[in-house]
Amino acid sequence: MLPLLAGDIPFGLLYGALAPAAGVPASITMAMSTLVFAGSAQFIAIQLIGGGAPALVVFLTALVVNLRHSLYGISISPFLKHLPSKAKGFLAYFLTDEAYAVSIVRFRQEDLRGQAAGGPRHWFYLGAGATLWLGWQLSTAAGIAFGSQAPASWHLDFAIPLTFIALLVPVIKNRVEILAAITAGAVAILLANIPLKLGLVAAMLSGILVGSLAEILLSHRKAGPAGLGEKGETEP
Amino acid sequence: MNAGSLWILVAAMGLTTYGIRAGSVLLADRLPKSAWIEKSLRFIPISVLSALIALELSSTNGSGSSITASLPRWVAAATALLVGRLTRSLWLTVIVGMLVFLLLQR
């Protein structure tokens, strides 16, 4: 669990320290960590709130950013299917990037080694999730306490885009992803003066669209006209 | 945004985030599975983060000409990007970026 917390706690500290600097009261900063419990979405929300975005734009952006959790839910559900719905509903609250990642890796390894499915597997997931949850709550609180002491000359608000850079680096792995990132960034700057942060919304959508289209074009070229026999996505 | 709107926003964000998590765990068998949906979802965090970074770097907070005013931000961000790539450390990325930014502010 320790390497997990090593990623979780600094992130929570930063979030707690920076949210009040973006104009979110301490109580709501803390409530967001408990109710939403999704690091990236929380950071994005405070940056948007600090920039004066309307609530609807913040809400929809957080919603879209959290859509990826549905992939985690679908992927992990076969390992939890022996549980009653109530237990699944409870466990779903802890479905963060990190809890999903460590659990799915372990479950797949167990499957490869031929260990029996079911049984106490969900305890591992709950252990990871609850540890991360506690680390996130405590580090948010500590960050709030620390952030309130930081002098204004430190320009702590600039740490938010730097945190985004730290988040972005590991998820960009190929040229198509670089293209999506540059598209979104360029459109955001070009449309920066459109009211209600709608330029930002357009930028996000163009990044997703250009990335997906480029991916489709590339896979067609790779498969080629005679690529029918190749293994790839086999859709029913 | 006032405190009342923020509370409503946070509650709504909490409900939808939990809804996505619980809905996908409970209804996994009934949800459509497509490699394309999966691939498009991957571009969401990339696009959202890049758009927010670019907007923040280019903003001048209403002071001075845009390029000179935002230059320290771009230099600090480029340094942070390099540190992030080399070290993969959240702390080092943020701390080095902040130091460069604060030094250039003087």
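In this text, all values refer to a predicted model and were calculated from it rather than measured experimentally.

*Asks:* Would you mind showing me how to read the overall build of chain B here?
*Replies:* From N to C terminus, chain B includes 4 helices and 0 strands. Radius of gyration (C-alpha) of chain B: 20 Å, far over the 13 Å computed for a compact globule of 106 residues. Once the C-alpha set of chain B is aligned to its principal axes, its extents read approximately 55 × 40 × 25 Å. Within the span of chain B, comprising 106 residues, buried residues form 43% of the whole. Partitioning the intrachain contacts of chain B with sequence separation of at least 6 by distance along the chain shows that 22% fall at a separation of at least 24.

*Asks:* How should the side chain of Ser24(B) be read in this particular structure?
*Replies:* Looking at where Ser24(B) falls in the secondary structure, it is placed in helix H1 (residues 3-26). Taking relative accessible area as the criterion, Ser24(B) reaches 1% and is therefore assigned buried. In terms of polar contacts, Ser24(B) uses its side chain to reach the backbone carbonyl oxygen of Ile20(B), at 2.9 Å. In terms of polar contacts, Ser24(B) uses its side chain to reach the backbone carbonyl oxygen of Arg21(B), at 3.0 Å. Residues contacting Ser24(B), with those up to four places away along its chain left out, are His69(A), Ser70(A), Gly73(A), Ile74(A), Gly19(B) and Leu31(B).

*Asks:* Got a minute to help me understand the packing of aromatic side chains in this structure?
*Replies:* Here the distance between the centres and the angle between the planes together describe a pair of aromatic rings. Applying the stated criterion across every chain yields a total of 11 aromatic pairs over all chains. Ring plane angle 10 degrees and centroid distance 4.4 Å describe the contact between Tyr72(A) and Tyr100(A), whose orientation is recorded as stacked. Placement of Tyr72(A) in helix H5 (residues 68-76) and of Tyr100(A) in helix H7 (residues 97-112) is noted, with a sequence separation of 28 residues between them. For the pair Tyr72(A) and Tyr100(A), a shared accessibility class is recorded, and that class is buried. With a centroid separation of 5.2 Å and 75 degrees between ring planes, the pair formed by Tyr93(A) and Phe94(A) is classed as edge-to-face. In this structure, Arg106(A) packs its charged tip against the face of Phe124(A), placed 4.3 Å from the ring centre. In this arrangement the basic side chain of Arg42(B) is found over the ring face of Phe43(B), its NZ or CZ atom lying 5.0 Å from the centre.

*Asks:* How should the pattern of salt bridges be read in this particular structure?
*Replies:* Opposite charge on two side chains makes pairing possible when the charged atoms of those side chains draw close. Evaluation of the coordinates by the stated rule reveals 6 salt bridges over all chains. Here Arg68(A) and Asp97(A) are joined by a salt bridge, their closest N and O atoms 2.8 Å apart. Taken together, the positions of Arg68(A) in helix H5 and Asp97(A) in helix H7 put the pair 29 residues apart, joining distant regions of the chain. Owing to a relative accessible area of 10%, Arg68(A) belongs among the buried residues under this scheme. Using a relative accessible area of 27% as the deciding quantity, one classes Asp97(A) as partly exposed. Linking Glu56(B) and Arg73(B) is a salt bridge whose minimum nitrogen-to-oxygen distance equals 3.1 Å. With Glu56(B) in helix H2 (residues 35-58) and Arg73(B) in helix H3 (residues 66-87), this pair connects stretches of sequence that are 17 residues apart. Summarising the burial analysis for this pair, Glu56(B) and Arg73(B) share the class buried. Shared partners join several salt bridges into a network, and the residues in it are Arg106(A), Glu110(A) and Arg121(A).

*Asks:* Explain the domain arrangement of chain A here, please?
*Replies:* Interface size is often expressed as the accessible area that is lost when the parts come together. Residue and element names in this part refer to chain A. When its domains are assigned, chain A resolves into domain 1 (2-152) and domain 2 (172-224). For domain 1 and domain 2, the distance between their C-alpha centres works out to 26 Å. At the junction of the two partners, domain 1 supplies 6 residues and domain 2 supplies 5 residues. Counting each side, the surface lost to burial between domain 1 and domain 2 is near 440 Å², with a carbon and sulfur contribution of 85%. Viewed at the interface, domain 2 and domain 1 are joined by 0 salt bridges. Taken together, the connections running from domain 1 to domain 2 amount to 1 residue pair in polar contact (both at pLDDT 80 or more). Here the side of domain 1 that touches domain 2 is composed, by residue class, of 4 nonpolar, 2 polar and no charged.

Calculation notes
- Residues numbered from 1 in each chain as written.
- Chains lettered and ligands numbered in written order.
- Predicted model: local features only at pLDDT ≥ 70, side-chain atom pairs only at ≥ 80, totals over all residues.
- Heavy atoms only, no water.
- Helix = DSSP H or I, 4+ residues; strand = E, 2+ residues; numbered from the N terminus.
- Rg over C-alpha atoms; globule rule 2.2 N^0.38 Å.
- Buried < 20%, exposed > 50% of the residue type's maximum accessible area, 1.4 Å probe, protein only.
- Contact = heavy atoms within 4.5 Å.
- Polar contact = N/O pair within 3.5 Å; in protein donor to acceptor, adjacent residues only side chain to side chain.
- Phe/Tyr/Trp six-rings, centres within 6.5 Å; stacked < 30°, edge-to-face > 60°.
- Lys NZ or Arg CZ within 6 Å of the ring centre and 35° of its normal.
- Salt bridge = Lys/Arg side-chain N within 4 Å of Asp/Glu carboxyl O.
- Domains from an automatic or database assignment.
- Buried area = accessible area lost by both parts, 1.4 Å probe.
- Nonpolar A, V, L, I, M, F, W, Y, C, P; charged D, E, K, R; others polar.

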